[in-house]
Amino acid sequence: MAGSHPYFNLSDFTQPSPPSTPPSLPSHQRCRPSNATKGLLMALLGGGLPAGFVGPFSRMAYQASHLPSLELLICRCLFHLPIALLLKLRGDPLLGPPDVRGRACLHALLNVLSIGCAYSAVQVVPPGNAATVRKGSSTVCSALLALCLESQGLSGYDWCGLLGSTLGLIIIVGPGLGTLQEGTTGLYTALGYVLAFLSGLALSLGLLVYRSLNFPSCLPTVAFLFGLVGLAVSVPALFVLQTPILPNDLLSWTCVGAVGILALVSFVCVSYAVTKAHPALVCAVLHSEVVVALMLQYYVLYENVAPSDIMGAGVVLGSIAIITAQNLSCEREGQVEE
């Protein structure tokens, strides 16, 4: 019959067609960011950018009330102590498992030394230059330590980014090192750069120790230990080496609170990032702290920024872009990343 012919089957035309939906990809073809991508983005957005505010705020607190560096370190450590409540709620030991407790305390001690040297350095040299030396030394030392101790290789693009970021840091700090004044002022300035270098060395060692820790609640445990060990070291050292001061102005307390919060965020993000990506690449991405510190140094502290600083900051940003673009990748769901 004619009505049964496909061309005369009107029901095909009168019935509404179901909405077309794009075919879903099989689970093995769906992509998600790789661990290296997650680590580098966390280091850039959560580690480097907040840390760039710490140096200028520390210098503002020192200029407002001559707040000693160890006292500022004590205030920062106090922000880490409430993490003990989280560990108690989870039923985890505050000091970590007994078999890794020594390494966890060593990691905390290295971070305390790193932060103490960094806070002392920003009081005698511009915060941008101090951050430059600290991040440059941490990057170089992390790369060498990872190659010697962990036998972790880097690609050609990664080495290009590392060398470029180191070159940018040399461009920033080189002219300042060549024009040190003679006498007491020049001696204090040179001491500030030495402290910044030691701060970066201690940071790289601390990151390497943290990568060897592998137990539940590792991140909150080391964050709490930083506050505990920091108080145990800095409180006696404050009364021996420096004079405690109680600020009586709102600006100093605001800067101290901002330093504590931003430094805690940066500490957590960097500790997470170093478990996902190579420590040298994490330190290289953290060079974004230098660019933020230079901007605040010019616009907030009204300190001069030389053309070499701007040129070096551009080289650093380009190197970060190379490293990030090289390591931006995705892995298929259900596929284990090597």
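Residues numbered from 1 in each chain as written. Predicted model: local features only at pLDDT ≥ 70, side-chain atom pairs only at ≥ 80, totals over all residues. Heavy atoms only, no water.

**Thoughts on the layout of surface pockets**
- If you add up the space inside the second largest pocket, you get close to 240 Å³.
- Taken together, Y62, H66, P68, S69, S120, Q123, V124, Y188, L191, G192, L195 and Q242 make up the lining of the second largest pocket.
- The residue makeup of the lining of the second largest pocket, split by class, is six nonpolar, six polar and no charged. (1 Å grid on protein atoms, 1.4 Å probe; cavity = no way out; pocket = protein on both sides within 12 Å on 5 of 7 lines; lining within 4 Å. Points joined across faces, edges and corners; volume = space filled by probe spheres on them. Nonpolar A, V, L, I, M, F, W, Y, C, P; charged D, E, K, R; others polar.)

**Looking at the packing of helix α3 (residues 69-78) against helix α9 (residues 218-241)**
- At their nearest, the axes of α3 and α9 sit 9 Å apart, and the two run at 155° to each other. Relative to α9, α3 is oriented roughly antiparallel. Two packed elements cross with a definite hand, and for α3 against α9 that hand is left-handed. From α3, L70, E71, L73, I74, R76, C77 and L78 reach across to α9, where they touch F226, G227, G230, L231, S234, V235, A237 and L238.
- Here the residues of the contact of α3 with α9 sort into 10 nonpolar, three polar and two charged. (Axes fitted to C-alpha atoms, helices over the stretch in contact; angles between N-to-C directions. Helix = DSSP H or I, 4+ residues; strand = E, 2+ residues; numbered from the N terminus. Parallel < 35°, antiparallel > 145°, perpendicular 65-115°, else oblique. Left-handed = near helix turned anticlockwise from the far one by under 90°. Contact = heavy atoms within 4.5 Å.)

**Looking at the pattern of salt bridges**
- Per the counting criterion, the structure on display carries one salt bridge.
- Measuring nitrogen to oxygen at the nearest pair gives 3.7 Å for the salt bridge that ties D92 to R90. (Salt bridge = Lys/Arg side-chain N within 4 Å of Asp/Glu carboxyl O.)

**Some thoughts on empty space enclosed by the protein**
- Here the structure, examined in full by the defined rule, presents one cavity of 30 Å³ or more.
- The calculated volume of the largest cavity comes to roughly 420 Å³.
- Taken together, 29 residues line the largest cavity, and the ones lying closest to its centre are A51, I115, R134, K135 and E289.
- For the lining of the largest cavity, the elements supplying multiple residues, two or more each, are α2 (35-65), α5 (101-121), α6 (127-150), α8 (184-211), α10 (250-273) and α12 (288-299).
- Here the element with the most residues in the lining of the largest cavity is α2; it accounts for six residues.
- The residue makeup of the lining of the largest cavity, split by class, is 17 nonpolar, eight polar and four charged.

**A closer look at unusual backbone geometry**
- Even without glycine at this site, H66 takes up a positive phi of about 55°.
- Tracing the chain through its elements places H66 in the loop between α2 and α3.
- Given a relative accessible area of 48%, H66 falls into the partly exposed group.
- A positive phi angle is found at S217, which is not glycine, with a value near 60°.
- Summarising the element assignment, S217 is placed in the loop between α8 and α9. (Buried < 20%, exposed > 50% of the residue type's maximum accessible area, 1.4 Å probe, protein only.)

**Things to note about the environment of L87**
- Here L87 is to be found in helix α4 (residues 83-90).
- With 134 residues separating them in the primary sequence, L87 and T221 have C-alpha atoms 7.4 Å apart.
- The residues touching L87, leaving out its near neighbours within four places in the chain, are D92, P93, L94, S217, P220, T221 and F224.

**Here's the deal with the packing of aromatic side chains**
- A complete count under the given rule lists three aromatic pairs for this structure.
- Each ring, one from F53 and one from F57, has its centre 6.0 Å from the other, and the planes form 45°; the classification is tilted. Placement of both F53 and F57 in helix α2 is noted, with a separation of four residues, approximately one turn of the helix.
- Classification of F53 as partly exposed rests on a relative accessible area of 30%.
- A residue is classified by how much of its surface remains accessible, and F57, at 21% relative accessible area, is partly exposed.
- Where Y298 meets Y299, the ring centres are 5.0 Å apart and the plane angle is 90°; that geometry is what we call edge-to-face. (Phe/Tyr/Trp six-rings, centres within 6.5 Å; stacked < 30°, edge-to-face > 60°.)

**Brief notes about the packing of α2 against α10**
- Close contact between α2 and α10 brings their axes to 7 Å; oriented N to C, the two are set at 155°. Judged by the inter-axis angle, α2 sits roughly antiparallel to α10. In the crossing of α2 with α10, the sense of the turn from one axis to the other is left-handed.
- For the contact of α2 with α10, the class distribution of residues is 21 nonpolar, seven polar and one charged.

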